[in-house]
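# Commentary on secondary and tertiary structure
In case you want the letters, here they are:
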Amino acid sequence: MTTGGAGLLLEAKGLAKVFRGDSVPVPAVRGVDLALQAGEFAAIIGPSGSGKSTLLHMLGGLEPPTSGEIWLAGQRVDGLTQARWAVLRRRHIGFVFQFFNLVSNMTVADNVELAALMGGATRKQARDRRAELLAELGLTARSDAAPARLSGGEQQRVALARAMANRPSLLLADEPTGNLDSGASQAVLRLLARAHADGQAILLVTHDARVASAADRVISLFDGIVIDDAVMPPQARPARLPSMLKLRG
Amino acid sequence: MRMPLLALLAKEPAHGYELKTQLEQVFGEAYPSTNIGQIYVTLQRLERDGLVRSQDVVQATRPNKRVYELTEAGHEALVQWMDRPSEGPRVRDDFFIKLVLSQLAGISDRLGLINRQRRHYLGQMRSLSVLAATSDRQVPRLLIEGAMLHLQADLDWLQRCQEELV
């Protein structure tokens, strides 16, 4: 499998998910076509219940689709076993869960290092990577703490550090700033921007328009289908002060 | 501009040009650019209303300058203004009127209208993020953050309109 470089990285074709409720089937995702290029940074937005998380879970192999296909770097992956998906996630896909899923009986540092080791790093590489990520996210002082002793926002950042430990060619993140204050959100955005600049593809689900607007492409989901897929203009300083920043005095 | 001038004069007496400079320093580009003529006209009106008083100060090498200071009544007016809650921002009624009338007029589909508006807001948010990243002064930074929070609310509202109307 190729990692990084140009070309199609991830593709969904007619992807659908129907949850079997007690009596009636509930469609969560109703036929999504989506193509993500290597190194692309895209955000998925939409109201609660629009199918955002379900779509992301399917793309990360955490939820089998009811129908449709998923292709990752030229390989069809939707029918893979959980064990094969686990290998893909260790090596190529970083996944940030909405509810963190940290290993509770390991320290913060070990949670991040383990992910790097499982991705194939040497012990030294794993240590260096852990130190670098925790520093960028302002968590160095919490390295030896147990996850349970951390605030929700801190756990969320550890989850992000863990997902990025093996420099995945694809980072999937479900509400990566959902529990963060403004300052911590900024740290997360900076880290994502740097990963993107290094050539990692990012696909994230968010309620936060500021996070969505950092992406180069914003996909709007509504009722399980894509209703808009917008390429954003280049990120540039506006020539004139936006009128909404002008005080009327 | 009356109240900002009174507020600056509450700190210390000043002449017109100093007030202009101070306004620019405090708010940066955000404050509508003021010309000095406007400031002098406003000061004259404030004096006529008894909110400030002025006296000429003789300068050795330059023309006399007129220095303004706050009166008791001016201080009272300033305190009242400070204590009064301010009107909230109005909703984006231009867009909402468009949205409601679009189908009636048969001009545009509502989903297209909402999608275009969403792209516009996200583009604005993107510009503000660039400004925020390069703005290290507190007053402009807070102003940008406020604008971002308003945009987030506009986007949330857009979503509600979509849920109800499309």
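Residue positions within a chain follow its written sequence, with the count starting from 1. To read the labels, note that chains go from A and ligands from 1, taken in the order they are written. With the structure being a predicted model, the display of local features is reserved for residues of pLDDT at least 70 and the display and counting of side-chain atom pairs for 80 or more, all residues being used for whole-chain, interface and lining totals.

### Looking at the overall build of chain B
- Looking only at helices and strands, chain B has seven helices and three strands in total.
- Element order for chain B, N to C, with α for helix and β for strand: α-β-α-α-β-β-α-α-α-α.
- Between the two quantities, the radius of gyration covers C-alpha atoms and the globule rule is 2.2 Å times the number of residues to the power 0.38. The C-alpha atoms of chain B give 23 Å as radius of gyration, which overshoots the globular expectation for 166 residues (15 Å, by more than 25%).
- In terms of overall dimensions, chain B has C-alpha extents of about 70 × 35 × 30 Å along its principal axes.
- Residue burial in chain B is summarised as follows: out of 166 residues, 22% are buried. Secondary structure elements are taken from DSSP: a helix is a run of H or I of four residues or more, a strand is a run of E of two residues or more, and numbering for both begins at the N terminus. With C-beta atoms placed from the backbone, a residue counts as buried when 20 or more other C-beta atoms lie within 10 Å of its own, as exposed when 12 or fewer do, and as partly exposed for counts between those limits.

### Focus: the interface of chain B and chain A
- Distance between backbone-placed C-beta atoms decides contact: two residues are in contact if it is within 7 Å. With 32 residues of chain B at the contact, the number on the chain A side is 25 residues.
- Those elements that place two or more of their residues in the side of chain B that touches chain A are α6 (110–133) and α7 (138–165) of chain B.
- In terms of residue count, α6 of chain B provides more of the side of chain B that touches chain A than any other element does, 14 residues in total.
- The class makeup of the residues in the side of chain B that touches chain A is 18 nonpolar, nine polar and five charged. Basically, the charged four are Asp, Glu, Lys and Arg, the nonpolar ten are Ala, Val, Leu, Ile, Met, Phe, Trp, Tyr, Cys and Pro, and anything else, Gly included, counts as polar.

### With respect to the packing of helix α5 (residues 93–105) of chain B against α6 of chain B
All names here are of chain B.
- Angles here are taken between N-to-C directions and fall from 0 to 180 degrees, while the axes themselves are lines fitted to C-alpha atoms, restricted in helices to the stretch in contact. Two numbers describe how α5 lies on α6: the axes approach to 9 Å, and their chain directions differ by 160°. Relative to α6, the element α5 is oriented roughly antiparallel. Like other packed secondary-structure pairs, α5 and α6 cross with a definite hand, here right-handed. Together, Phe95, Lys98, Leu99, Ser102 and Gln103 of α5 and Arg110, Leu113 and Gln117 of α6 make up the contact between the two elements. Working definition: roughly parallel below 35 degrees, roughly antiparallel above 145 degrees, roughly perpendicular at 65 to 115 degrees, and oblique for all remaining angles. Less than a right angle of anticlockwise turn of the near helix away from the far helix marks a crossing as left-handed, whereas a clockwise turn marks it as right-handed.

### A few points about the confidence of the model for chain B
Residues and elements named next belong to chain B.
- You can read pLDDT as the predictor saying how much it trusts each residue, on a scale of 0 to 100. Of all residues in chain B, 98% have pLDDT values of 70 or greater, and the mean over the chain is 89.
- Summarising per-element confidence for chain B, the mean pLDDT is lowest in α5 (85) and highest in helix α3 (residues 36–48) (95).
- This complex was scored by the predictor with a pTM of 0.85 and an ipTM of 0.86.

### Side note on the sheet that holds strand β1 (residues 14–15) of chain B
Residue and element names in this part refer to chain B.
- Sheet architecture is open: three strands sit in the order β1-β3-β2, paired in antiparallel fashion. Of all strands in the sheet, those with a lone pairing partner are β1 and β2 (52–57), marking the two edges.
- In this analysis, strands are considered paired if DSSP registers two or more bridges between them. Pairing between β1 and strand β3 (residues 65–70): two bridges, direction antiparallel. Across the sheet, the residue bridging to His15 is Val67, located in β3.

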